[in-house]
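# Residue-level structure breakdown
What follows is each chain in one-letter form.
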Amino acid sequence: SPSPSPSPSHPRASMLHAGSSPKTPKTALSKEALMQQCQAVVAPASGDEDNSSGDDRAEIPYPRGAANDMADKELISLLKKQPKDVPEMRTRESFRRFFARMKKDRFEFLMRAANADKPIKDGDKKVAKRLALVADIVL
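Residues numbered from 1 in each chain as written. Predicted model: local features only at pLDDT ≥ 70, side-chain atom pairs only at ≥ 80, totals over all residues. Heavy atoms only, no water.

### What about the packing of helix α3 (residues 72-80) against helix α4 (residues 92-99)?
Viewed as axis vectors pointing N to C, α3 and α4 meet at an angle of 170 degrees, and their least axial separation amounts to 14 Å. Classified by the interaxial angle, the pair formed by α3 and α4 is roughly antiparallel. Contacts between α3 and α4 involve Leu75, Leu78 and Leu79 from the former and Phe95, Phe98 and Phe99 from the latter. The class makeup of the residues in the contact of α3 with α4 is six nonpolar, no polar and no charged. (Axes fitted to C-alpha atoms, helices over the stretch in contact; angles between N-to-C directions. Helix = DSSP H or I, 4+ residues; strand = E, 2+ residues; numbered from the N terminus. Parallel < 35°, antiparallel > 145°, perpendicular 65-115°, else oblique. Contact = heavy atoms within 4.5 Å. Nonpolar A, V, L, I, M, F, W, Y, C, P; charged D, E, K, R; others polar.)

Pasting the structure below:
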C-alpha cells in the first residue's frame, strides 16, 4: 500500500516538495549558499592565518617547539603519560618550549583529546591549567 501523505498540520508537511516522497525535505538555502556558509565556518581554522599580528610572534621568547612537527596521535599519546615520564614535559619550562608557537586551537584539541577519558570537570580543569601555562607562547 502507498505511504500516507502527511497532513497539512504535520510539522514537516510545509517542508515537502509537491509530489515528492515524504523523505525528501525542501532545503531553505540553495546548495551554493549552504556551501558558502560551510566555507565561512571552516576557512578561519583551515589556513595558516591566525588572529595574531606579526608583532605578537616576535614577542614569543621561544623558537618553534618540536611538538609542531609531530603527529597529533603521537602528541596525544605523550600527553596521556605522566609528565615525569616524558622528558619534553617534565618541567613547566620544558613543556612551554615543547609547545612554543603551536596554534592555540590545535593545542586545545590535543589537550581535550588526551583528557577525553577523564570526567568532564577534571578534563576541563586540566585543559584550562595547561592553556594558561602556554597562553603567551601559542599562536
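Don't stop here, the text continues.
### Describing α4
Owing to its 3.6 residues per turn, the α-helix aligns residues three or four sequence positions apart on the same side. When α4 is considered as a whole, its buried residues turn out to be Ser94, Phe95, Arg96, Phe98 and Phe99. Structurally, α4 contributes buried residues whose contacts are with α3, α5 (104-114) and α6 (120-134). Just past α4, the residue arginine 101 takes up positive phi, approximately 65 degrees. (Buried < 20%, exposed > 50% of the residue type's maximum accessible area, 1.4 Å probe, protein only.)

### A short note on the environment of leucine 78
Assignment of secondary structure puts leucine 78 in helix α3. Along the chain, leucine 78 and glutamate 88 lie ten residues apart, while their C-alpha atoms are 9.2 Å from each other. What leucine 78 contacts, discounting residues up to four positions off in sequence, is Met70, Val86, Met89 and Phe98.

### With respect to the nonpolar core
In this structure, Leu75, Leu79, Met89, Phe95, Phe98, Phe99 and Phe107 are the most contacted members of the largest nonpolar core, which totals 25 residues. Residue contacts for leucine 75: discarding those within four places in its chain leaves Ala67, Met70, Phe98, Phe99, Met102, Arg106 and Leu110. (Core = buried A, V, L, I, M, F, W, Y, C linked by side-chain atoms within 4.5 Å.)

### Some details on the packing of α3 against α5
Where α3 meets α5, the axes come as close as 9 Å, and the angle between the chain directions of the two elements is 55 degrees. Considered as vectors, α3 and α5 are oriented oblique to each other. When the axes of α3 and α5 are compared, the crossing they make is right-handed. Along the contact surface, α3 presents Asp72, Leu75, Ile76, Leu79 and Lys80, while α5 presents Arg106, Phe109, Leu110, Met111, Ala113 and Ala114. For the contact of α3 with α5, a count of residues per class yields eight nonpolar, no polar and three charged. (Left-handed = near helix turned anticlockwise from the far one by under 90°.)

### Concerning unusual backbone geometry
Peptide bonds are mostly trans, and most non-glycine residues show a negative phi. The phi angle at arginine 101 is positive, at roughly 65 degrees, despite the residue not being glycine. Of note, arginine 101 is situated in the loop between α4 and α5. Arginine 101 sits in the partly exposed class, given a relative accessible area of 24%.

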